[in-house]
Amino acid sequence: MAGEFRNLTPEENEICRENNVVPKGMNVVLSNDRCLWLLNHTTRDEIHIVFGEKRAQKKAVPITAQG
């Protein structure tokens, strides 16, 4: 796996903790509105967190605010 990795943001750290994933040693491979893909550089394990409906509903824009 080649490419650029970055450190987790505070929000991504929180997502990890909500899903019982220890963020220590993790770097972000991909992050978007549907998933979070992490790489543990010590073990080379890949962790994929695919967001469910609850997270999508939290980020949804209310119909009245859509204009």
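These notes cover the structure that comes with them. All figures in this text were calculated on a predicted structure; none of them were measured in a lab.

**Re the overall build of the chain**
Of the regular secondary structure elements, the chain holds 2 helices and 3 strands. For the chain, the sequential pattern of α-helices and β-strands runs α-β-β-β-α. Evaluated residue by residue, the chain yields a buried proportion of 27% over its 67 residues. Across the chain, contacts joining residues at least 24 apart in sequence account for 25% of those joining residues at least 6 apart. When the accessible area of the chain is evaluated, it comes to approximately 5,300 Å², of which 51% is carbon and sulfur surface.

**Considerations on the side chain of Asn27**
On the secondary structure map, Asn27 appears in strand 1 (residues 26-31). With a relative accessible area of 14%, Asn27 lands in the buried category. Side chain to side chain, Asn27 and His41 meet in a polar contact 3.1 Å long. Contacts of Asn27, omitting those with residues within four sequence positions, involve Phe5, Arg6, Asn7, Leu8, Trp37, Leu38, Leu39 and His41.

**What about helix 1 (residues 10-18)?**
Restricting attention to buried positions, one finds in helix 1 the residues Glu12, Asn13, Ile15 and Cys16. When helix 1 is viewed along its axis, its buried side chains cluster within an angular range of 160 degrees and face the same direction. After helix 1 finishes, the residue Asn20 shows a positive phi value of roughly 55 degrees.

**Re the nonpolar core**
Ranked by size, the top nonpolar core spans 10 residues in total: Leu8, Ile15, Cys16, Val21, Met26, Val28, Leu36, Leu38, Ile49 and Phe51. Broken down by secondary-structure element, the contributors of at least two residues to this core are helix 1, strand 1 and strand 2 (35-40). Non-local contacts of Val28, meaning those with residues more than four positions away in its chain, are made with Glu4, Phe5, Arg6, Asn7, Leu8, Glu12, Leu36, Trp37 and Leu38.

**Observations concerning the environment of Asn27**
Measuring from C-alpha to C-alpha, the distance between Asn27 and Phe5 comes to 5.9 Å, with 22 residues separating the pair along the chain. Only 3.1 Å separates the side chain of Asn27 from the side chain of Asn7, close enough to count as a polar contact.

**Looking at the pattern of salt bridges**
What the rule picks out here adds up to 1 salt bridge. Of the charged contacts in the structure, one is a salt bridge between Arg6 and Glu12, with a shortest N-O distance of 2.7 Å. For Glu12, a relative accessible area of 5% translates into the label buried.

The rules behind these values
- Residues numbered from 1 in each chain as written.
- Predicted model: local features only at pLDDT ≥ 70, side-chain atom pairs only at ≥ 80, totals over all residues.
- Heavy atoms only, no water.
- Helix = DSSP H or I, 4+ residues; strand = E, 2+ residues; numbered from the N terminus.
- Buried < 20%, exposed > 50% of the residue type's maximum accessible area, 1.4 Å probe, protein only.
- Contact = heavy atoms within 4.5 Å.
- Areas by Shrake-Rupley, 256 points an atom, 1.4 Å probe, with all protein chains shown as cover.
- Polar contact = N/O pair within 3.5 Å; in protein donor to acceptor, adjacent residues only side chain to side chain.
- Arc of directions from axis to C-beta.
- Core = buried A, V, L, I, M, F, W, Y, C linked by side-chain atoms within 4.5 Å.
- Salt bridge = Lys/Arg side-chain N within 4 Å of Asp/Glu carboxyl O.

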